[in-house]
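Remarks on the overall topology
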Amino acid sequence: QVQLVESGGGLVQAGGSLRLSCAASGLTFSNYAMGWFRQAPGKERDFVARMWRSGVRNYADSVKGRFTISRDSAKNMVYLQMDSLKFEDTAVYYCAADRRITGSESRPTEYEFWGQGTQVTVSS
């Protein structure tokens, strides 16, 4: 049974930093690309970042230069380092996984597995 469990969310002031973690189990981690999405109240789930199996990273324009996705294959972990946080980054953040090696990084329907989410609140 595949499980993705996010942690690290919380309340932070604008300009601050947070690091989200996602622990993956029940899958062969090296066979999966990992992504992060976020969803604010009343809005759709939006793409944030993806790390392909090749190591290539993609980012949403809104977070480029501020967020960094990384993974530790020895620990089956994926991280999202978030710096220079803004009020508009407030959302529930989700970790996701799939086995694709091509295609869109930003369509939620393309991902196979999802975590339960962790809340990030940025105060202005």
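In this text the structure is predicted, and so the values were computed from the model without any measurement. (Residues numbered from 1 in each chain as written. Predicted model: local features only at pLDDT ≥ 70, side-chain atom pairs only at ≥ 80, totals over all residues. Heavy atoms only, no water.)

Some thoughts on the environment of Cys95
Quick reminder of the rule: By definition, any uninterrupted DSSP run of H or I lasting at least four residues is a helix, any uninterrupted run of E lasting at least two residues is a strand, and each is numbered from the N terminus. Contacts are residue-level and defined by heavy atoms, with any inter-residue pair within 4.5 Å sufficient.
Residue placement: Cys95 occurs in strand β9 (residues 91-98). Cys95 has contacts with Leu4, Glu6, Cys22, Met34, Gly35, Trp36, Val78, Phe113, Trp114 and Gly115, leaving out every residue within four places of it along the chain.

What about the side chain of Arg66?
Operational definition: Under the rule applied, a polar contact is a pair of N or O atoms within 3.5 Å (in protein, one hydrogen donor and one hydrogen acceptor; residues adjacent in sequence only if both atoms are side-chain atoms).
Along the chain, Arg66 turns up in the loop between β6 (57-59) and β7 (67-72). Within the structure, the side chain of Arg66 is placed 2.8 Å from the side chain of Asp89, a separation counted as a polar contact. Setting aside residues no more than four positions away along its own chain, Arg66 makes contact with Gln81, Met82, Asp83, Ser84, Leu85, Lys86 and Asp89.

Side note on the environment of Ser104
The test is simple: Throughout this description, buried means an accessible area under 20% of the type-specific maximum (1.4 Å probe, protein chains only), exposed means over 50%, and partly exposed covers the range between.
One can find Ser104 in the loop between β9 and β10 (113-114). Since its relative accessible area comes to 15%, Ser104 is described here as buried. Sequence separation between Ser104 and Ser25 is 79 residues, and the spatial gap between their C-alpha atoms is 24 Å.

Remarks on the pairing of β7
We count it as follows: Pairs of strands are assigned from DSSP output, requiring at least two bridges between the strands.
Only one face of β7 is buried: it carries Phe67, Ile69 and Arg71, and the other face, with Thr68, Ser70 and Asp72, is open. Taken together, the six bridges between β7 and strand β8 (residues 77-82) define a ladder with antiparallel strand orientation. Pairing of Phe67 across the sheet is with Met82, part of β8.

Concerning the sheet that holds strand β1 (residues 3-7)
In plain terms, the rule: Lines fitted to C-alpha atoms define the axes here, with helix axes fitted over just the stretch in contact, and angles between the N-to-C directions of these axes take values from 0 to 180 degrees.
Overall, antiparallel pairing links the four strands, which are arranged β1-β3-β8-β7 in an open sheet. Edge strands, defined here as strands with exactly one partner in the open sheet, are β1 and β7. When the angles between neighbouring strand axes are averaged without regard to direction, this sheet yields 15°. In this structure, β1 lies alongside strand β3 (residues 18-25), joined through five bridges in antiparallel fashion. Its bridge partner being in β3, Glu6 is matched across the sheet by Cys22.

Structural notes on the nonpolar core
Spelled out, the test is: Only buried residues count toward a nonpolar core, which is a set of Ala, Val, Leu, Ile, Met, Phe, Trp, Tyr and Cys residues joined through side-chain atoms within 4.5 Å.
Judged by nonpolar contacts, the single largest core of 33 residues is most densely connected at Met34, Trp36, Leu80, Met82 and Tyr93. Not counting residues up to four positions away in its chain, the partners in contact with Leu80 are Leu18, Arg19, Leu20, Trp36, Val48, Ala49, Phe67, Thr68, Ile69 and Tyr93.

Notes on the state of the cysteines
Put plainly, two cysteines are in a disulfide when a covalent bond ties their sulfur atoms together. Cut-off, in case you're wondering: Note on disulfides: each one is a pair of cysteine sulfur atoms within 2.5 Å.
Taken as a whole and assessed by the stated rule, the structure comprises one disulfide. One disulfide in the model links Cys22 with Cys95; its S-S distance is 2.1 Å. Disulfide Cys22 to Cys95: torsion about the S-S bond roughly -75°, handedness left-handed. Taken together, the positions of Cys22 in strand β3 and Cys95 in strand β9 put the pair 73 residues apart, joining distant regions of the chain. Given the relative accessible area of 1%, Cys22 is considered buried. A relative accessible area of 0% places Cys95 in the buried class.

Regarding the packing of aromatic side chains
Aromatic ring pairs are described here by two measures, namely the spacing of the ring centres and the angle between the planes. Counted only if it meets this: Think of it this way: a Phe, Tyr or Trp ring, Trp meaning its six-membered ring, pairs with another when their centres are within 6.5 Å, and the plane angle makes it stacked under 30 degrees, edge-to-face over 60, tilted otherwise. For a lysine, the NZ atom is tested; for an arginine, the CZ atom; a charge sits over a ring if that atom is within 6 Å of the ring centre and within 35 degrees of the ring normal.
Overall, the coordinates contain six aromatic pairs when judged by the stated rule. Ring geometry for Tyr94 and Trp114: centres 6.5 Å apart, planes at 80°, overall edge-to-face. Linking Tyr94 in strand β9 with Trp114 in strand β10, this pair joins segments that are 20 residues apart in sequence. With relative accessibility at 13%, the residue Tyr94 sits in the buried group. The residue whose ring lies beneath Arg45 is Trp114, and the NZ or CZ to ring-centre distance is 4.8 Å. We note Arg50 situated over the ring of Trp52; from NZ or CZ to the ring centre the distance is 3.8 Å.

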